[in-house]
Amino acid sequence: TYELWFKQIIFEFESVHKIFSKSVIEEHDMAIVNERLARVRAIQNLLLGALPVLETMTPMDFLEFRDYLTPASGFQSAQFRIIEVMMGLPFSREGRKYGNPEFFLSKFHPKDIKRAVYWENQPSFVKLTEKWLERLPLPNFDWLSQYKSAVYAMLESDEQTVRQVFGRESSDDEFGDDEGEEGSGEGRQADDDADAHPTGGCPFLGNQNSTGEDRLEQELKALRATRATFETLFHDEQHEEMKSRGVRRWSRTATLNALFIFLYRDLPLLQMPFQFLQNLLEIDNGFTQWRLAHAQMAQRML
């Protein structure tokens, strides 16, 4: 069943790829694209819904028929790998940060390998979407300055709140009373235990004995990191540096145009472009969920 749905997804993706390969994309084309991507999202819901059925099987039942499906078993499916390539995850080892493409290639039929290589050499949805965003006309008002002012105002408000909250804790630490400093034997033992295990044995809580001043500095450091991330949107050099590190994949022009669409998506002219971007995000998220759920199911079975 998965292979039939994968085949349908590839069919929908091929039609969208053909439309987005045009130099000019008409409004009625965007309506068709959104309709077909919505169908892909509906198929993803079916894929996720089928996993609980497989989980009702015992490991022995699962292993009894699993080999008959090779190479159509989840991650080993040639069609699933082609879908990944079309979306922007390269098939070759050079383009992947994880996995072993040679392992999957060894199980694929030669015609499937040829098909995967073909799509490897075609522009992915990531690249086609970037080019489409770059072609969009820029807005007629200085929206970026307004956005920048709003972001900085938000960050300044957050900093004031942090200083009020954690600055007060710092003052409490400094001027707190020393009553009970010596304390009883039980109290001293509790203090010793707290020093030895400041998080109560939990590695996720951080240092709960840190002072207000320490926590203030931690919060301010996090705010500075957030500000630095926003700064990259406003400067070409910083954006390109993040792109060279693989943190971002689109050009600054494409990124800003996508941001503009999300900010002003209520405008009638931007509703279909927003729906297109939203569909891509939901499809990517859907496959992420499917990968995780499938891996967990296979781990329990195998």
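Just so you know, the residues in each chain are numbered from 1, in the order the chain's sequence is written. Since the coordinates come from a predicted model, pLDDT governs what is reported: local features require at least 70, and pairs of side-chain atoms require 80 or more to be given and counted, while whole-chain, interface and lining totals use all residues. Based on all heavy atoms of the structure, the side-chain values leave hydrogens and waters out of the count.

Looking up the chain in an unreviewed UniProt entry gives the name Catalyzes the oxidative cleavage of the L-tryptophan (L- Trp) pyrrole ring, with the organism given as Perkinsus olseni.

1. Quick look at the confidence of the model for the chain
Fine structural detail should not be taken from predicted coordinates in areas where pLDDT scores are low. The quantity known as pLDDT measures the predictor's confidence residue by residue, on a range of 0 to 100. For the chain, mean pLDDT is 81; residues scoring 70 or higher make up 76% of the total. Between residues 179–191, whose pLDDT stays under 50, and residues either more than four places distant or in other chains, the model counts two contacts. Low confidence marks residues 196–206, where pLDDT is under 50. Its contacts with residues over four positions away, or in another chain, come to six contacts. Residues count as neighbours in contact if any of their non-hydrogen atoms are within 4.5 Å of one another.

2. Side note on the packing of aromatic side chains
Two rings belonging to Phe, Tyr or Trp (six-membered ring only in the last case) form a pair when the distance between their centres is within 6.5 Å. Interplanar angles under 30 degrees mark stacking, angles over 60 mark edge-to-face geometry, and anything in between is tilted. In this structure the tally under the stated criterion is 19 aromatic pairs. Aromatic side chains Phe-260 and Tyr-264 sit 4.9 Å apart centroid to centroid with 40° between the ring planes, which places their arrangement in the tilted category. The classification of residues rests on relative accessible area computed with a 1.4 Å probe and restricted to protein chains. Under 20% of the type maximum is buried, over 50% is exposed, and intermediate values are partly exposed. Look at Phe-260 and you get buried, because its relative accessible area is 11%. Its relative accessible area of 24% is what places Tyr-264 among the partly exposed residues. Among the aromatic side chains, those forming a connected cluster through ring pairs are Tyr-2, Phe-6, Phe-80, Phe-287 and Trp-290.

3. Notes on helix 4 (residues 78–87)
Under the scheme used here, helices are H or I runs from DSSP no shorter than 4 residues and strands are E runs no shorter than 2 residues, and both carry numbers assigned from the N terminus. The element helix 4 is extensively covered by neighbouring structure, given that 10 of its 10 residues are classed as buried. Downstream of helix 4 by one or two residues, Gly-88 has phi in the positive range, about 125°.

4. As for the environment of Phe-262
Turning to its location among the elements, Phe-262 is positioned in helix 12 (residues 252–263). Residues Phe-262 and Gln-275 lie 13 residues apart in sequence; the distance between their C-alpha atoms is 9.6 Å. Beyond its immediate stretch of four places on either side in the chain, Phe-262 contacts Phe-274, Leu-277, Gln-278 and Leu-281.

5. Some thoughts on the pattern of salt bridges
By salt bridge we mean one thing: a side-chain nitrogen of Lys or Arg within 4 Å of a carboxyl oxygen of Asp or Glu. Using the criterion set out here, one finds 13 salt bridges in the structure. We note a salt bridge from Arg-115 to Glu-14, for which the minimum N-O separation is 3.7 Å. Residue Arg-115 is found in helix 6 (residues 110–120), and its partner Glu-14 is found in helix 1 (residues 2–20); the two are separated by 101 residues along the sequence. Note on Arg-115: relative accessible area 32%, which makes it partly exposed. Across the pair Lys-243 and Glu-130 runs a salt bridge whose closest N-O atoms are separated by 3.7 Å. Linking Lys-243 in helix 11 (residues 236–244) with Glu-130 in helix 7 (residues 125–135), this pair joins segments that are 113 residues apart in sequence. One salt-bridge network, held together by shared partners, links Glu-12, Glu-35 and Arg-39.

6. What about the packing of helix 1 against helix 4?
A pair of packed helices is captured by two measures, namely the crossing angle of their axes and the spacing between those axes. Inter-axis angles, ranging from 0 to 180 degrees, are taken between N-to-C directions of lines fitted to C-alpha atoms, where helices are fitted over the stretch in contact. Taken N-terminus to C-terminus, the directions of helix 1 and helix 4 make an angle of 25°; their axes are 9 Å apart at the nearest point. Classed by the angle they form, the pair helix 1 and helix 4 counts as roughly parallel. At the point where helix 1 passes helix 4, the crossing takes the left-handed sense. In this structure, helix 1 contributes Glu-3, Phe-6, Lys-7, Ile-9, Ile-10, Phe-13 and Glu-14 to the contact, and helix 4 contributes Gln-79, Phe-80, Ile-82, Ile-83, Met-86 and Met-87. Gly is placed with the polar residues, together with every amino acid not listed as nonpolar (Ala, Val, Leu, Ile, Met, Phe, Trp, Tyr, Cys and Pro) or charged (Asp, Glu, Lys and Arg). Of the residues that constitute the contact of helix 1 with helix 4, the class distribution is nine nonpolar, one polar and three charged. Comment on the angle field: the value is read as roughly parallel under 35 degrees, roughly antiparallel over 145, roughly perpendicular from 65 to 115, and oblique elsewhere. Crossings are sorted by hand: turned counterclockwise from the far helix by less than a right angle, the near helix makes the crossing left-handed, and turned clockwise it makes it right-handed.

7. Some points on the nonpolar core
If you look at the biggest cluster of nonpolar residues, it comprises 58 residues, and the most contacted ones within it are Ile-9, Phe-13, Phe-20, Trp-132 and Phe-276. Of all the elements, helix 13 (residues 271–301) adds the most residues to this core, at nine residues. What counts as a domain boundary in this text is fixed by an automatic or database domain assignment. Both domains that furnish three or more residues to this core are identified here as domain 1 (1–138 + 278–301) and domain 2 (139–170 + 213–251). Ignoring any residue separated from it by four or fewer positions in sequence, one finds Ile-9 in contact with Val-40, Ile-43, Leu-47, Ile-83 and Phe-287. As used here, the term nonpolar core means buried Ala, Val, Leu, Ile, Met, Phe, Trp, Tyr and Cys residues forming a set that is joined through side-chain atoms within 4.5 Å.

8. Side note on the packing of helix 1 against helix 2 (residues 27–55)
Interhelical geometry of helix 1 versus helix 2 gives an angle of 160° and a closest axis separation of 10 Å. Accordingly, the angle class assigned to the pair helix 1 and helix 2 is roughly antiparallel. For the crossing formed where helix 1 meets helix 2, the hand is left-handed.

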